Amino acid sequence: MPAIDWKYFNSGDVFILDTDDEVIFIWIGRAANYMEKLQATKVAQQLKTENNALALIFVEDGKELNLPEAEKTLLGVYLDLRASVGVKGNIGESDEVVEHTHYNHLKLYQCSDEDGTYKVTEVKTGPLYQSDLNSKDSFIIDQNGRAIWVWVGKGASKKERIEAIRNAHGFVRKKKYDSGIPVTRVVEHGEPVEFKCMFHTWRDPDEITKSYNQYSIGKIAHLTPSKLDMASLHSCPQLAANTRLVDNGAGSKTVWRINNVELEPVDKTMYGVFFSGDCYLIHYQYAAGDILYYWLGSHRSIKEQTALTIQTIMKDNNDLNGNGVQVRIVQGKESPHFLSMFGGMAIMFKGDHQYKLPNTFLLQVTGNNEFNTKAVQVNMRGSCLNSNDVFILKKEKAYFIWCGKGSTGDEREMAKLIAKRISKDDYNVIFEGQEKDEFWKTIGGKQDYASNKKLATLHDPMPARLFQISNATGRFRVEEIMNFSQQDLIPEDVMLLDARDTIFLWLGDKANRDEVKQSTNLAIEYLKTDPSNRDLDTPIMVIKQGYEPTTFTGFFGPWDTDLWKEHQTYEELRKQIELENPTLQVEVKLSNGVEDFATCPKHTYESLLAKDIDKLPAGVDPTHKEVYLNEQEFKKIFQMSYESFTTLPKWRRDNIKKSVGLF
């Protein structure tokens, strides 16, 4: 925040106040949601460890004056507790009130001038099918006030293209819809997922996507062949935007990692090797400029993350004159260009940084070219295998490449490149179903894994969708999670995974009874209100946390069975922290005591009013101008003695200094 001031607070959030007194306050807004409370508490815990703080103090919005005397006194140094009520920046119910409303009344309009006269004709009311659209015309889809879409066919005339979007905006006014509803124009073969999901079925030409994998490699594979013409990316910004590529990743790069808050160069032999407990900075140089990628491991510390952010800004300002492009990459969400920098051979290991590659591991390889391939370490056990991917298994001299029945030749070739990079040892290529005892012995024994035949087949490209169901705010809220992974499954909530032919309901261990009780009804309502006219008899599978079948885990890529072992709810975590807190004793001390005031050099009030530090008298501390006044002038200006002034809380001292121009 710009300053510690109530005007920057709001009741929909949680704020952490890290003081200079070895105490960290966690201020909880009355409308803050459950996850905000939990995550803020975890962050505060990390700050306590890293800064050697004594205690974490929870402060409830509106109950600041109910704190124990010592805690109240300490918080009062930084904030005016008597003025806390009614002065916060936003007293609204929440900063993130999300309503999930389905509309099952879709209307399709055709915009055509085929007979010489332009006209708009209502075609039908949902459900919609892809065949309802005609490449020779433009169409308007009205989602009953939720949104309006304009679809432009490749063969539409100039008038049809222009008038359709004008008509769509006219619908908003004519039907008296909220003026803020989105009116979106899409062109044939460039439809986003949100548009496709309104149709009963949708298939893109020349595009094949595996339904099990949320990384949806089909589109990228289609747009980024191995010999992509880089000149076309610069001459055609639309292609660069669609592929998320600025070039083919062949520019120069330098890699550092955070070590004790400083940048430590990474040996070139380890470029592209990342560890989940660390943070890395990559400076990429290419013809059009410089990019600073900062990669955050999934088990990074707050201290390392903060240090990396600061180092990235410093690197940009000092070395690139502030002209670099800064890109934040969180583990598991790597972009195509990031992966292309390492030729599709990026490897993510568990744990803290090591200066050489581990000798024992199981890597899950996903992707079929240098723009979408990476290897991620999973637990060394048979249950972590997946028929849709390729795995690299190494234990001392034993070295295998295991190819699932759903993997493609391109995927297997990418795995071989990674295996050659890791070790010069000879590896054995094993196809699923042809494993020998040596393989199962190396991996720790044969176990069930995601081997559903359907997962290995190519079919409808509509990707699976994940939704979070929660009533933490007192009412049910359903929110979609894009580009999901296992980390997005929240133990305090119920999650809905829509796999098209099956609805999975995942019940978190800490989900409350209302969420669990209503989850099946919500799944049925979800099917009823889906604008693509879903079959209401679609199977609904209820799964409990920790008992996930492979038919479910297969949708999430690498699956970590130990992810939630030490998970605590917010209430459990808060109770534990409060029990561990020591009893605070606050001793009020004079800041810049009378001795300093009496002995420091004195200057006139007028000379201390200068805002420019260079224009202040030599040796003056600009943050404590008041101590340079003589006693008589101080009393005249502040209407009190300096000794009385130092007993005031800091916020009051600052306000008074502002009022007399000495802040």
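Residues numbered from 1 in each chain as written. Predicted model: local features only at pLDDT ≥ 70, side-chain atom pairs only at ≥ 80, totals over all residues. Heavy atoms only, no water.

An unreviewed UniProt entry annotates the protein as Villin-1 originating from Diaphorina citri. Here the protein is described in UniProt, under the heading Sequence similarities (unreviewed entry), as follows: "Belongs to the villin/gelsolin family." (UniProt positions renumbered as here; feature names shortened; annotations may be inferred.)

Along the backbone of the protein there are 19 helices and 25 strands. Across the 663 residues of the protein, 48% fall into the buried class. Long-range pairs, those at least 24 residues apart, make up 63% of the contacts in the protein with a sequence separation of at least 6. Carbon and sulfur atoms form 49% of the exposed surface of the protein, whose accessible area is close to 33,200 Å². (Helix = DSSP H or I, 4+ residues; strand = E, 2+ residues; numbered from the N terminus. Buried < 20%, exposed > 50% of the residue type's maximum accessible area, 1.4 Å probe, protein only. Contact = heavy atoms within 4.5 Å. Areas by Shrake-Rupley, 256 points an atom, 1.4 Å probe, with all protein chains shown as cover.)

Below, the discussion takes up the sheet that holds strand β20 (residues 428-431). Pairing in this open sheet of seven strands is mixed, and the strands run β11-β15-β17-β16-β18-β19-β20 from one edge to the other. Edge positions in the sheet fall to β11 (273-275) and β20, since each has one partner strand and no second. Here the average twist between neighbouring strands, direction ignored, is 25°. Note: strand β19 (residues 398-403) against β20, four bridges, orientation parallel. Paired with Cys403 across the strands is Phe431, a residue of β20. (Pairing = 2+ DSSP bridges. Axes fitted to C-alpha atoms, helices over the stretch in contact; angles between N-to-C directions.)

This part takes up the side chain of Gln468. Tracing the backbone through its elements, the reader meets Gln468 in strand β21 (residues 465-470). Gln468 gets classed as buried once you look at its relative accessible area, which sits at 9%. Within the local environment of Gln468, its side chain forms a polar contact with the side chain of Asp493, the two groups lying 2.5 Å apart. (Polar contact = N/O pair within 3.5 Å; in protein donor to acceptor, adjacent residues only side chain to side chain.)

Now for the nonpolar core. Counting residues in hydrophobic clusters, the biggest one holds 35 residues, and the most contacted among them are Phe274, Tyr280, Ile282, Phe338, Phe342, Leu363 and Ile392. Among the nonpolar cores identified, the runner-up in size contains 18 residues, and Cys600, Tyr605, Val620 and Val660 belong to it. (Core = buried A, V, L, I, M, F, W, Y, C linked by side-chain atoms within 4.5 Å.)

The subject of this paragraph is a negative patch on the surface. Residues Asp18, Asp20, Asp21 and Glu22 make up a contiguous surface patch of negative charge. Within the element layout of this structure, Asp18 appears in strand β1 (residues 14-18). (Patch = residues over 30% accessible without salt bridge, like charges linked within 9 Å, V, L, I, M, F, W, Y side chains within 5 Å. Salt bridge = Lys/Arg side-chain N within 4 Å of Asp/Glu carboxyl O. Lys, Arg positive; Asp, Glu negative; His and termini not counted. Charge placed at Lys NZ, Arg CZ, Asp CG, Glu CD.)

Counted under the stated rule, the structure contains 39 aromatic pairs. Counting every residue linked through ring pairs, the aromatic cluster contains Phe484, Phe504, Trp506, Phe552, Phe555, Phe556, Trp559 and Trp564. One cation-aromatic arrangement involves Lys394 over Tyr399; the distance from NZ or CZ to the ring centre is 5.3 Å. (Phe/Tyr/Trp six-rings, centres within 6.5 Å; stacked < 30°, edge-to-face > 60°. Lys NZ or Arg CZ within 6 Å of the ring centre and 35° of its normal.)

If you walk through the whole model with that rule in mind, you get three cavities of 30 Å³ or more. In this structure, the largest cavity occupies an estimated 80 Å³ of space. Lining the largest cavity we find Gln364, Ser383, Cys384, Leu385, Asn386, Tyr449, Ala450, Thr550, Thr553, Gly554, Gly557 and Trp559. When residues of the lining of the largest cavity are assigned to domains, at least three map to each of domain 3 (357-458) and domain 4 (465-558). (1 Å grid on protein atoms, 1.4 Å probe; cavity = no way out; pocket = protein on both sides within 12 Å on 5 of 7 lines; lining within 4 Å. Points joined across faces, edges and corners; volume = space filled by probe spheres on them. Domains from an automatic or database assignment.)

So, on to the pairing of strand β17 (residues 374-378). Within β17, five of the five residues are buried, leaving the element largely enclosed by the surrounding structure. Here β17 shows no split at all, with Lys374, Val376 and Val378 on one side and Ala375 and Gln377 on the other all buried. Sheet analysis places strand β15 (residues 346-349) next to β17, joined by three bridges and oriented parallel. Considered in β17, the bridge of Ile347 is made with Ala375. Direction of pairing for strand β16 (residues 360-366) relative to β17: antiparallel, over a ladder of five bridges. By the bridge assignment, Thr366 is partnered in β17 with Lys374.

An order of β1-β2-β3 is seen for the three strands of this open sheet, with the pairing classed as mixed. Two strands in the sheet have a free side with no partner beyond their single neighbour: β1 and β3 (55-60). Neighbouring strand axes in the sheet, compared pairwise and without regard to direction, differ in orientation by 20° on average. In terms of strand pairing, strand β2 (residues 23-28) meets β3 through six bridges, oriented parallel. Bridge pairing in β3 places Ile26 opposite Phe58. This element, helix α1 (residues 34-51), spans β1, β2 and β3 of the sheet and lies at about 10° to β1. Lying over the sheet, helix α14 (residues 570-580) contacts β2 and β3, oriented at roughly 125° with respect to β3.

Bringing unusual backbone geometry into the picture now. Phi at Lys176 takes a positive value of approximately 55°, unusual for a residue other than glycine. Examined against the element boundaries, Lys176 turns out to sit in the loop between α3 (158-174) and β8 (183-187). Lys176 sits in the exposed class, given a relative accessible area of 75%.

If you check α1, its first and last C-alpha atoms are 26 Å apart, about what 18 residues at 1.5 Å a residue would give, namely 26 Å. Restricting attention to buried positions, one finds in α1 the residues Tyr34, Glu36, Leu38, Ala40, Thr41, Ala44, Leu47 and Lys48. Contacts made by the buried residues of α1 are with β1, β2, β3, α8 (302-319) and α14. Just beyond α1, the residue with positive phi is Asn52, at close to 55°. (Expected span 1.5 Å × (residues − 1).)

Our next topic: helix α19 (residues 650-659). Those residues of α19 that fall on the buried side of the exposure criterion are Trp651, Arg653, Asp654, Ile656 and Lys657. Contact partners of the buried residues in α19: α2 (69-76), α17 (631-638) and α18 (642-646). Positive phi appears at Gly661, one or two residues downstream of α19, with a value of about 80°.

Once that is clear, we can look at the environment of Asp530. Take Asp530: it is sitting in the loop between α12 (513-529) and β25 (540-544). Residue classification places Asp530 among the buried positions, given a relative accessible area of 7%. Here the alpha-carbon distance between Asp530 and Phe199, two residues 331 residues apart in the chain, equals 9.3 Å.

Taken N-terminus to C-terminus, the directions of α1 and α14 make an angle of 35°; their axes are 9 Å apart at the nearest point. Regarding α1 and α14, the two cross each other, and that crossing is left-handed. For the pair α1 and α14, contact is made by Tyr34, Lys37, Leu38, Thr41, Lys42 and Gln45 and by Tyr570, Glu571, Leu573 and Ile577, respectively. Considering only residue class, the contact of α1 with α14 consists of five nonpolar, two polar and three charged. (Left-handed = near helix turned anticlockwise from the far one by under 90°. Nonpolar A, V, L, I, M, F, W, Y, C, P; charged D, E, K, R; others polar.)

This structure, assessed with the given rule, holds 19 salt bridges. Among the salt bridges present, the one from Glu631 reaches Lys635, with a minimum N-O distance of 3.9 Å. Taken together, the residues Glu631 and Lys635, both in helix α17 and four residues apart, mark about one turn of the helix. Salt bridges here are not isolated pairs; linked through shared partners, they connect Glu60, Arg574 and Glu578.

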